[in-house]
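Understanding the architecture of this molecule
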Amino acid sequence: MSLTNTRDNYGRVARWLHWSTAALFLAAYCSVYFRQWFSEKQTPENLTALQLHLSVGVTIAVIVVLRVLWRLNTPQPADEPGTPLAHRAAHLGHMALYAVMIVAPITGYLGTGVDTDFFFLFDIPKFESTALFQTVVADGMGLDFKTFEKPIDFIHKDVLGAWLIWLLIAGHAAAALYHHFVRRDRTLLKMTSGG
Ligand code: HEM
Ligand code: HEM
């Protein structure tokens, strides 16, 4: 299998970026819901789950930068046969997935009240402790962290986390399965075993 995309298939790099992101999204959800549903507040496992969520989220942020750069510099495989409307919908869906891959980590980071202990290796200071927060938000906008955090948290947790990301991923995965099992085309194969 080639490193770069070909006309028929995603290459090794695009597949690695795609499936590692998918695994990290799963990990982001598992860690945050473990924290909320299966652990008592402020216990060591509760705080570990939060730190894992933050670390996984930051990793997604790094990977999405690489992914966007890669995508902009390598041609995409050709679309499977379908109507122009279906192709448009698929491309819009992919753009929406890129949007949440970018906006979720940013809103997560901006609205978090603790430092990220990145996989328990080193600290990444919370936004509130940075000079950027002080200059732009506190001095420039005259807001304290609590007021600033509210709408950001709403986007991260209530809009993106609670339903929009689920909806997009479920629709995306369902479309992939529909192509594979109903239309029986190469859409899923070009991102998996298609060589
Ligand atoms: C793509 C990456 C991310 C996804 C998919 C994601 C998803 C979520 C979800 C589903 C929730 C729970 C929402 C709810 O309460 O119903 C959440 C909460 C939260 N996220 Fe993220 N997140 C991501 C990245 C980040 C990052 C990078 C940070 C910070 C560095 C972060 C910080 C938080 C915090 C502090 C909470 C609240 C946790 C709690 O109170 O239990 N997230 N996130
Ligand atoms: C069960 C999980 C998933 C399945 C079965 C799946 C399947 C696929 C398939 C078959 C393609 C190729 C579609 C085509 O070229 O027409 C694709 C592309 C894509 N997928 Fe997924 N995917 C999954 C999870 C995710 C997740 C979690 C994200 C991001 C949040 C994502 C983002 C994308 C994007 C942006 C593309 C366009 C190609 C690119 O730029 O890399 N996928 N996916």
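Residues numbered from 1 in each chain as written. Chains lettered and ligands numbered in written order. Predicted model: local features only at pLDDT ≥ 70, side-chain atom pairs only at ≥ 80, totals over all residues. Heavy atoms only, no water.

**Side note on the nonpolar core**
Counting 18 residues, the largest nonpolar core has Leu24, Phe25, Val56, Ile60, Met101, Leu160 and Ile165 as its most contacted members. The dominant element in this core, judged by the number of residues it contributes, is helix H1 (residues 12-38), at 7 residues. By size, the runner-up hydrophobic cluster in this structure holds 7 residues, among which are Phe127, Phe133, Phe145 and Phe148. (Core = buried A, V, L, I, M, F, W, Y, C linked by side-chain atoms within 4.5 Å. Buried < 20%, exposed > 50% of the residue type's maximum accessible area, 1.4 Å probe, protein only. Helix = DSSP H or I, 4+ residues; strand = E, 2+ residues; numbered from the N terminus.)

**Describing the coordination of the iron atom of ligand 1**
The textbook angles at a metal center are 109.5 degrees for a tetrahedron of four donors and 90 or 180 degrees for an octahedron of six. Only His53 (NE2) and His156 (NE2) from the protein coordinate the iron atom of ligand 1, and they sit 2.0 Å from it. One way to put it: the 6 donor atoms around the iron atom of ligand 1 meet at angles of 88 to 179°, and that makes the site octahedral. A residue pair is termed long-range when its members are at least 10 positions apart, and His53 in helix H2 (residues 44-72) and His156 in helix H5 (residues 145-183) qualify at 103 residues. (Donors = N, O, S within 2.8 Å, 3.2 Å for Na, K, Ca; no water. Tetrahedral: all angles 85-135°; square planar, octahedral: opposite > 155°, others 65-115°.)

**Things to note about the packing of aromatic side chains**
Enumeration according to the criterion identifies 11 aromatic pairs in this entry. Geometrically, the ring pair formed by Phe127 and Phe148 is tilted, given 5.7 Å between the ring centres and 40° between the ring planes. Within this pair, whereas Phe127 is found in the loop between strand S2 (122-124) and helix H4 (131-140), its partner Phe148 is found in helix H5, the two being separated by 21 residues in sequence. Just as Phe127 is buried, Phe148 falls in that class too. Among the aromatic residues, those joined into a ring-pair cluster are Tyr109, Phe127, Phe133, Phe145 and Phe148. (Phe/Tyr/Trp six-rings, centres within 6.5 Å; stacked < 30°, edge-to-face > 60°.)

**Some words on the coordination of the iron atom of ligand 2**
For the iron atom of ligand 2, the full set of protein donor atoms is His18 (NE2) and His172 (NE2), at a range of 1.9 to 2.0 Å. Seen from the iron atom of ligand 2, its 6 donor atoms lie at angles of 88 to 179°, and the figure they make is octahedral. Taken as a pair, His18 in helix H1 and His172 in helix H5 lie far apart in primary sequence, 154 residues in all. Relative accessible area serves as the criterion here: at 13%, His18 is assigned to the buried category.

**Section: the site of ligand 1**
If you check the shell around ligand 1, you find 22 residues, and the closest are Tyr29, Arg35, Gln36, His53 and His156. Note that an oxygen atom of ligand 1 is positioned 3.0 Å from one of the side-chain N or O atoms of Gln36. The site holding ligand 1 turns out to be the second largest pocket. Only H1, H2, helix H3 (84-110) and H5 provide two or more residues apiece to the shell around ligand 1. Considering only residue class, the shell around ligand 1 consists of 12 nonpolar, 8 polar and 2 charged. (Near = heavy atom within 4 Å. Polar contact = N/O pair within 3.5 Å; in protein donor to acceptor, adjacent residues only side chain to side chain. 1 Å grid on protein atoms, 1.4 Å probe; cavity = no way out; pocket = protein on both sides within 12 Å on 5 of 7 lines; lining within 4 Å. Sits in = over half its atoms within 2 Å of the grid points. Nonpolar A, V, L, I, M, F, W, Y, C, P; charged D, E, K, R; others polar.)

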